[in-house]
Amino acid sequence: MIPAATPPDCPPVEQRRPLGQEELRQLATRVPPEASGQPRPGYGDRLQPSSIGWVTRAVWCVWIEPDPNPDLFSGRWRRGVDDALGRWSHELTLRRVDNPEDAQLRLWRRRPPRLGGRASWGRALLALQMVRRGGPERLEPLVEVLLDPGQRLEGLRATALHELGHGFGLWGHSDQPDDVMAASPGPSPPVDLSPRDRLTLRWLLGRPSLVGSGSPGPGSAETPASAPPPRSGPPAD
Ligand SMILES: [Zn+2]
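Residues numbered from 1 in each chain as written. Predicted model: local features only at pLDDT ≥ 70, side-chain atom pairs only at ≥ 80, totals over all residues. Heavy atoms only, no water.

### Digging into the sheet that holds strand 2 (residues 59-64)
Working step 1: Read from one edge of the open sheet, six strands run 1-5-6-4-2-3, paired in mixed fashion. Two strands in the sheet have a free side with no partner beyond their single neighbour: strand 1 (15-18) and strand 3 (93-96). This sheet shows a mean twist of 35° between the axes of neighbouring strands, independent of strand direction.
Working step 2: Looking at chain direction, strand 2 and strand 4 (residues 105-108) are connected through three bridges and run parallel. Bridged to isoleucine 64 within strand 4 is leucine 107.
Working step 3: On top of the sheet, helix 2 (residues 72-88) reaches strand 2, strand 3, strand 4 and strand 6 (138-147); it is set at about 175° to strand 2, its chief contact. (Pairing = 2+ DSSP bridges. Helix = DSSP H or I, 4+ residues; strand = E, 2+ residues; numbered from the N terminus. Axes fitted to C-alpha atoms, helices over the stretch in contact; angles between N-to-C directions. Contact = heavy atoms within 4.5 Å.)

Here it is, written out as structure tokens:
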């Protein structure tokens, strides 16, 4: 169980609005250049930044869809989700919020719709929005994670770990089956982060990102940082 949010981590959202095309274009011009020729740690070379750079944060406001009629079945979903969040919380600061409007990542207990005729246990989708939380507008990611409740606990844990990895900025897949972000997990999917998962995330967290920055209008002050995928990146299973 991750701790409930306390101010000032996740203040209430007063306003959200999608980014316009012109704002996205302006943000794209501010993406710091990547050092070329340097190998990236872990599976960093297999990750894809958005058109406005890397999208990640060290602190995330997380909302978990409650179950109005808790039973054994839904309790299993929640255990799998809590376990996966607990593993990621060793690498990131995660704060639980009770209002989905205040979240930057939302976990939904539902089966993802088929994509290209293909079914999957989970999916992560990223959007970028300008968000006001009692101060100036800032660029924030909003990640929707869909997790099918119809899995066994081990499968749920592994799926939740993997989709949360996408949500926290690992938009790509490892080529090693023992990483939670493996493109093709083995018969027993990993239920905890591998050293390569940790190494890759730590490298990612060190990239400059535009997330959390102010309005993309001219003259606005910016915290140096990388940026998340535009609007919404392609959904990742
Ligand atoms: Zn994936």
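### Observations concerning the packing of aromatic side chains
Working step 1: With the rule as written, the count across this model stands at four aromatic pairs.
Working step 2: Ring centres 5.4 Å apart and planes at 80° place the aromatic pair tryptophan 54 and tryptophan 203 in the edge-to-face group. Within this pair, whereas tryptophan 54 is found in the loop between helix 1 (21-28) and strand 2, its partner tryptophan 203 is found in helix 4 (residues 195-205), the two being separated by 149 residues in sequence. Assigned by exposure class, tryptophan 54 and tryptophan 203 land together as buried.
Working step 3: Considering the side-chain rings of tryptophan 88 and phenylalanine 168, the 5.8 Å spacing of their centres and the 70° angle between planes classify their relative orientation as edge-to-face. Of this pair, tryptophan 88 sits in helix 2 while phenylalanine 168 sits in the loop between helix 3 (153-167) and helix 4, placing them 80 residues apart in sequence. Per residue, the accessibility class of tryptophan 88 equals that of phenylalanine 168, and both read buried.
Working step 4: Aromatic ring contacts, followed pair by pair, group Trp60, Trp88 and Phe168 into a single cluster. (Phe/Tyr/Trp six-rings, centres within 6.5 Å; stacked < 30°, edge-to-face > 60°. Buried < 20%, exposed > 50% of the residue type's maximum accessible area, 1.4 Å probe, protein only.)

### Thoughts on the side chain of glutamate 144
Working step 1: With respect to the element layout, glutamate 144 can be found in strand 6.
Working step 2: Here tryptophan 108 takes part through its side chain, which lies 2.7 Å from a polar atom of the side chain of glutamate 144. (Polar contact = N/O pair within 3.5 Å; in protein donor to acceptor, adjacent residues only side chain to side chain.)

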